[in-house]
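Observations on the three-dimensional arrangement
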Amino acid sequence: ISILMLVLLSACSGKSSETTGEGTSSKEGDVINAKIGVISYITGPGAAYGEAITNGFKLAQKEINDKGEVNINLVIEDSAGKQEEALSAAQKLMSDDSIVALLGPTLSTEMNVVGPEAELNGIPIMGTSTTAEGIPQIGEYVFRNSLPEALAIPTSIKKAVEKNSVKKVAILYGNDDVFTKSGFDTMKKVAEDMGLEIVTIETFQKGQSDYNAQLTKIKGLEPDLILCSALYNEGAVIMDQARKMGVDVPFVGGNGFNSPQVIEIAGKAADGLIVATPWFGDKENPKVQAFNEKYEAEYKMKPDQFAAQAYDALYIMAEALKNAGEADRDKLKEALLEIKDLEGILGKFSFDKDGDVVMDPTVLIIKDGKFKVFE
Ligand code: 1QQ
């Protein structure tokens, strides 16, 4: 009976988590052992974000652990891109006292509920892909190393306008997601500040598959440029349907479009998409090239921005752990704030006083099915 009970209990205990690396949070000899919880979007329609992110973490983990100063053990939980699942994953991880910090969750929508809980529990949390306004301001323990939309979008819109003599823009955004709404706020403000005429503002919801009504209206108003705040799934379908209707003006997209999935899903229809990102994989920087090679060898695909940000994030954690001298939540939080000019594959990294990031993005455009520098 007892064996049967055990089998039943383990079958009922919900989603399993993945653990990689050895040891718990402690210091043995000169090595700092640290257990870090990861909350990632690894199943569902946006799973390619979480897949790239967890790959980036695992690659950095291997390199860091090989160096022998810090030994990181990652406990990875899936949130499926949902607030409730992200929150319960976070609660499970936080209740383990041997976990010193959290990485993730993937979406700002998720961070909006997980961040305050981490703050309450006094555990450092760092988003590697959360770009909405106000994330690090949730509290002292909340950080991110991802370039905020408020910095990326003005750069991409300015470049698009300069290159295409734009006067009229249409805006299309998801109104049920923290990140897509925040991106919209920035797009609207930038367009107004630049004196562009906003011909219409259209909305959609997650999982929507038919954008005929919105696109027909936009087409009739003949904008020179479409500003679109979406995650890759909805974004790619919107571009595909727009091109099929004969809407061939360029699009400016936010961070959600910085995934090769856009090209995978939309094919040729993705041409003309303009984005800003701190990551450009074809850079002739030896650190970037070494990362590309190692990533491709390990995962049989090219890394994207999300993999790169995750990779750098784990190095930031490792550096802060070294400086903290032990795997302690409060000491780690202080040490994170002290990170200065840490050289990563995205350039030199420092947090500002809020635990937010300041970086210069590169503007890219998709041409012939490839992201290229937009010059
Ligand atoms: C956010 C984002 C998404 C595109 C992450 C995958 O930037 O939710 O903030």
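All values reported here derive from a predicted model rather than from experimental measurement. (Residues numbered from 1 in each chain as written. Predicted model: local features only at pLDDT ≥ 70, side-chain atom pairs only at ≥ 80, totals over all residues. Heavy atoms only, no water.)

For the rest of this paragraph, the subject is the confidence of the model for the chain. On average, residues of the chain carry a pLDDT of 93, and 93% of them reach 70 or more. Per-residue pLDDT, averaged within each element of the chain, yields its smallest value for helix α1 (residues 2-12) (47) and its largest for strand β5 (residues 99-103) (99). (pLDDT = per-residue confidence, 0-100. Helix = DSSP H or I, 4+ residues; strand = E, 2+ residues; numbered from the N terminus.)

This part is about unusual backbone geometry. For the bond running from Gly104 to Pro105, omega is -10°, close enough to zero to count as cis. Here Pro105 is to be found in the loop between β5 and α4 (108-121). At Asp341, a position not held by glycine, the phi torsion is positive, near 50°. Mapped onto the secondary structure, Asp341 falls in the loop between α12 (329-338) and β13 (342-344). Residue classification places Asp341 among the partly exposed residues on the basis of a relative accessible area of 47%. (Buried < 20%, exposed > 50% of the residue type's maximum accessible area, 1.4 Å probe, protein only.)

Moving on to the site of the ligand. Taken together, 13 residues surround the ligand, and among them Ser108, Ser129, Thr131, Phe179 and Asn255 come closest. In the model, an oxygen atom of the ligand is placed 2.9 Å from a nitrogen or oxygen of the Ser129 main chain. Contact with the protein chains removes 100% of the 280 Å² of surface that the ligand exposes when unbound. Grouping the amino acids of the shell around the ligand by side-chain chemistry returns six nonpolar, seven polar and no charged. Both domains that furnish three or more residues to the shell around the ligand are identified here as domain 1 (15-147 + 285-349) and domain 2 (150-277). (Near = heavy atom within 4 Å. Polar contact = N/O pair within 3.5 Å; in protein donor to acceptor, adjacent residues only side chain to side chain. Areas by Shrake-Rupley, 256 points an atom, 1.4 Å probe, with all protein chains shown as cover. Nonpolar A, V, L, I, M, F, W, Y, C, P; charged D, E, K, R; others polar. Domains from an automatic or database assignment.)

Examined against the element boundaries, Gly347 turns out to sit in strand β14 (residues 347-349). Note on Gly347: relative accessible area 24%, which makes it partly exposed.

Looking at the assigned domains, one finds that the chain contains domain 1 (15-147 + 285-349) and domain 2 (150-277). Contacts between domain 1 and domain 2 engage 17 residues on the former and 18 residues on the latter. With both chains or domains summed, domain 1 and domain 2 bury close to 1,500 Å², and 55% of this area falls on carbon and sulfur atoms. The largest per-residue losses of area from domain 1 upon contact with domain 2 belong to Tyr49, Leu147 and Gln305, which jointly make up 33% of the total buried on that side. Joining domain 1 to domain 2, the criterion identifies zero salt bridges. If you look at where domain 1 meets domain 2, you find twelve residue pairs in polar contact (both at pLDDT 80 or more). (Contact = heavy atoms within 4.5 Å. Buried area = accessible area lost by both parts, 1.4 Å probe. Salt bridge = Lys/Arg side-chain N within 4 Å of Asp/Glu carboxyl O.)

This part covers the pattern of salt bridges. Summed over the entire model, instances satisfying the criterion amount to 18 salt bridges. With a closest N to O distance of 2.9 Å, Glu63 and Lys294 form a salt bridge. Separated by 231 residues along the polypeptide, Glu63 in helix α2 (residues 47-67) and Lys294 in helix α10 (residues 286-299) bring together distant segments of the chain. Of the residues examined, Lys294 reaches a relative accessible area of 36% and is grouped as partly exposed. For Glu334, the salt bridge identified is with Lys333, shortest N-O distance 3.0 Å.

Quick look at the nonpolar core now. Soluble, globular proteins show a tendency: their nonpolar side chains are buried together. In this structure, Ile36, Phe57, Leu103, Ile157, Leu227, Phe291 and Leu314 are the most contacted members of the largest nonpolar core, which totals 107 residues. Looking at this core element by element, the count peaks at 13 residues for helix α11 (residues 305-324). Counting the residues that make up this core, at least three belong to each of domain 1 (15-147 + 285-349) and domain 2 (150-277). Ile36 has contacts with Ile72, Asn73, Leu74, Val75, Ile99, Val100, Ala101, Leu103, Leu314, Met317 and Leu321, leaving out every residue within four places of it along the chain. Ala86, Leu93, Leu102 and Val114 belong to the second largest nonpolar core, which has 17 residues in total. (Core = buried A, V, L, I, M, F, W, Y, C linked by side-chain atoms within 4.5 Å.)

Once that is clear, we can look at the pairing of strand β15 (residues 362-367). Sheet topology places strand β12 (residues 273-277) next to β15; four bridges connect them, and they run antiparallel. The residue of β15 that forms the bridge with Thr277 is Thr362. The sheet contact formed by β15 and strand β16 (residues 370-373) spans four bridges and is antiparallel. Of the residues in β16, the one forming a bridge with Lys367 is Lys370. Taking the residues that link successive antiparallel strands as the turn, the β15-β16 hairpin has two residues, and the phi of Asp368 there is positive, at about 50°. (Pairing = 2+ DSSP bridges.)

Take Asn292: it is sitting in helix α10. C-alpha of Asn292 to C-alpha of Ser98: the two residues are 194 residues apart in sequence and 33 Å apart in space. Excluding residues within four positions of it along the chain, Asn292 makes contact with Trp279, Gly281 and Pro303. Only 2.9 Å separates the side chain of Asn292 from the backbone oxygen of Gly281, close enough to count as a polar contact.

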